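# Structural overview for review
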Amino acid sequence: MVHTKKGCLEDYLYLTGWIFLVLGLTGSLVYLKAIVPILENTGYTCIVYRLFGIYCPGCGGTRALSALLQGHFLVSAWYHPLVIYTIIIFGGFMISQTLARLHFSRVKGWRFHEWHLYAAVAIMIGNFILKNILLLGFHISL
């Protein structure tokens, strides 16, 4: 794929990244500090888990984000490794793109590669399979 300086994919991803960063951090903090305590007090569980007795591909994501915000990286990775992966890929992209745009010591911004998405899907599917094997085969729940 050939990129021109004007309007390349990374420019759009960078701008979108800043929008999601601001909105995502604000929304995540509100969700974790205001909504999650209410849901926990009402006994809320994932609708897929309630209906089918298995974890959905996203189960553990909220707990993973909460653990990560509290500095518990391994716990976060256990709850849902996609959260850590996303932080690493997104953080690396945003930091390297920012440094490149500020012309810091010949830093080249990370480029988007399709394998980033394939790896994310593989992590999500692997987590889904592993957690449900542990749940159904060994009665180990999250």
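For the rest of this paragraph, the subject is the overall build of the protein. Of the regular secondary structure elements, the protein holds 6 helices and 0 strands. Listing each helix as α and each strand as β along the protein from the N terminus yields α-α-α-α-α-α. At 18 Å, the protein has a C-alpha radius of gyration far larger than the 14 Å of a compact globule built from 142 residues. Taking the contacts inside the protein whose residues are at least 6 apart along the sequence as the reference set, 56% of them involve residues at least 24 apart. When the accessible surface of the protein is totalled, it reaches about 10,100 Å², and 73% of it is carbon and sulfur. Mean positive and mean negative side-chain charge positions of the protein (10 and 4 charges, respectively) differ by 5 Å.

Once that is clear, we can look at helix 3 (residues 61-69). For helix 3, the full list of buried residues reads G61, A64, A67 and L68. Down the axis of helix 3, the sector holding all buried residues measures 125°, keeping them to one side. Taken together, the buried residues of helix 3 touch helix 4 (73-79) and helix 5 (81-101).

Moving on: the side chain of K131. The residue K131 is located in helix 6 (residues 114-138) in this model. Taking the relative accessible area as the measure of exposure, K131 reaches 4% and is therefore buried. Looking at K131, its side chain comes within polar contact range of the main-chain oxygen of Y79, at 3.2 Å. Among all residues touching K131, those that are not within four sequence positions of it are Y55, W78, Y79, H80 and L142.

In this section: the environment of C8. Looking at the secondary structure, you find C8 in the segment before helix 1 (9-41). Separated by 132 residues in sequence, C8 and I140 have C-alpha atoms that sit 47 Å apart.

In a soluble, globular protein the nonpolar side chains are often hidden away together inside. Counting 5 residues, the largest nonpolar core is built from C46, Y55, C56, C59 and L135. Among residues more than four places away in sequence, those in contact with C56 are C46, V48 and F128.

As a further point, take a nonpolar patch on the surface. A cluster of nonpolar side chains, V121, I125, I129, I133, F138 and I140, forms an exposed patch at the surface whose accessible area comes to about 550 Å². Among the structural elements, F138 can be located in helix 6.

Definitions and limits used
- Residues numbered from 1 in each chain as written.
- Predicted model: local features only at pLDDT ≥ 70, side-chain atom pairs only at ≥ 80, totals over all residues.
- Heavy atoms only, no water.
- Helix = DSSP H or I, 4+ residues; strand = E, 2+ residues; numbered from the N terminus.
- Rg over C-alpha atoms; globule rule 2.2 N^0.38 Å.
- Contact = heavy atoms within 4.5 Å.
- Areas by Shrake-Rupley, 256 points an atom, 1.4 Å probe, with all protein chains shown as cover.
- Lys, Arg positive; Asp, Glu negative; His and termini not counted.
- Charge placed at Lys NZ, Arg CZ, Asp CG, Glu CD.
- Buried < 20%, exposed > 50% of the residue type's maximum accessible area, 1.4 Å probe, protein only.
- Arc of directions from axis to C-beta.
- Polar contact = N/O pair within 3.5 Å; in protein donor to acceptor, adjacent residues only side chain to side chain.
- Core = buried A, V, L, I, M, F, W, Y, C linked by side-chain atoms within 4.5 Å.
- Patch = residues over 30% accessible without salt bridge, like charges linked within 9 Å, V, L, I, M, F, W, Y side chains within 5 Å.
- Salt bridge = Lys/Arg side-chain N within 4 Å of Asp/Glu carboxyl O.

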